[in-house]
Amino acid sequence: MHLQPMMRAAVVAAYNTPSRTLKRGPGGYIAYDSTIRKSGPVQYQAFTRRTINRLDEAGLVTLDEPEFPTTITLNARGIAAAEQLVAAEKAKAGAA
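All of the points below concern the structure found in this document. Just so it is clear, the model here is predicted, and its values are computed rather than measured.

Let us now look at the overall build of the protein. A count of helices and strands for the protein gives 3 helices and 5 strands. The globule rule puts the C-alpha radius of gyration for 96 residues at 12 Å, and the 14 Å found for the protein is close to it. If you line up the protein on its principal axes, its C-alpha atoms span 40 × 35 × 20 Å. Taking all 96 residues of the protein together, 28% fall into the buried category. Counted over contacts in the protein with a minimum sequence separation of 6, partners at least 24 positions apart contribute 45%. About 6300 Å² of surface is accessible on the protein, with carbon and sulfur atoms providing 53% of the total. Within the protein, one finds 12 positive and 8 negative side-chain charges whose respective centroids are separated by 8 Å.

Turning next to the pairing of strand 1 (residues 21-25). Alignment of strand 1 against strand 5 (residues 71-74), held across 3 bridges, turns out to be antiparallel. Within the sheet, the bridge partner assigned to L22 lies in strand 5 and is I72. Linking strand 1 back to strand 2 (residues 28-30) in an antiparallel pair, the connection comprises 2 residues, with G27 at a positive phi of about 90 degrees.

A complete count under the given rule lists 1 aromatic pair for this structure. With centroids separated by 5.2 Å and ring planes inclined at 65 degrees, the aromatic side chains of Y32 and Y44 adopt a geometry described as edge-to-face. Residue Y32 is located in the loop between strand 2 and strand 3 (46-47), and its partner Y44 is located in the loop between strand 2 and strand 3; the two are separated by 12 residues in the primary sequence. The exposure class of Y32 is partly exposed, given its relative accessible area of 32%. A cation sits over an aromatic face here: R20 above Y15, 4.2 Å from the ring centre.

Calculation criteria
- Residues numbered from 1 in each chain as written.
- Predicted model: local features only at pLDDT ≥ 70, side-chain atom pairs only at ≥ 80, totals over all residues.
- Heavy atoms only, no water.
- Helix = DSSP H or I, 4+ residues; strand = E, 2+ residues; numbered from the N terminus.
- Rg over C-alpha atoms; globule rule 2.2 N^0.38 Å.
- Buried < 20%, exposed > 50% of the residue type's maximum accessible area, 1.4 Å probe, protein only.
- Contact = heavy atoms within 4.5 Å.
- Areas by Shrake-Rupley, 256 points an atom, 1.4 Å probe, with all protein chains shown as cover.
- Lys, Arg positive; Asp, Glu negative; His and termini not counted.
- Charge placed at Lys NZ, Arg CZ, Asp CG, Glu CD.
- Pairing = 2+ DSSP bridges.
- Phe/Tyr/Trp six-rings, centres within 6.5 Å; stacked < 30°, edge-to-face > 60°.
- Lys NZ or Arg CZ within 6 Å of the ring centre and 35° of its normal.

Here it is in structure tokens:
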């Protein structure tokens, strides 16, 4: 399956969270991790609703609300796609 670069980034970002989810936050959907920092700025990559819609159309995520989702979760296909992307990145890094 061919995924656009932002779709790949969103799938991997969601995969790297403990709950395999992206949550609506400032500027879009964000992969919050479980690390809580006490001070200093925290930066997250935000994904637009358009990217989320594309992931939904590809059948990789489950939305909590179809009209206005606040949380998206990777389904079995999304987890499998993320595992392939992570393995490909590791193989690419190992070859370099």
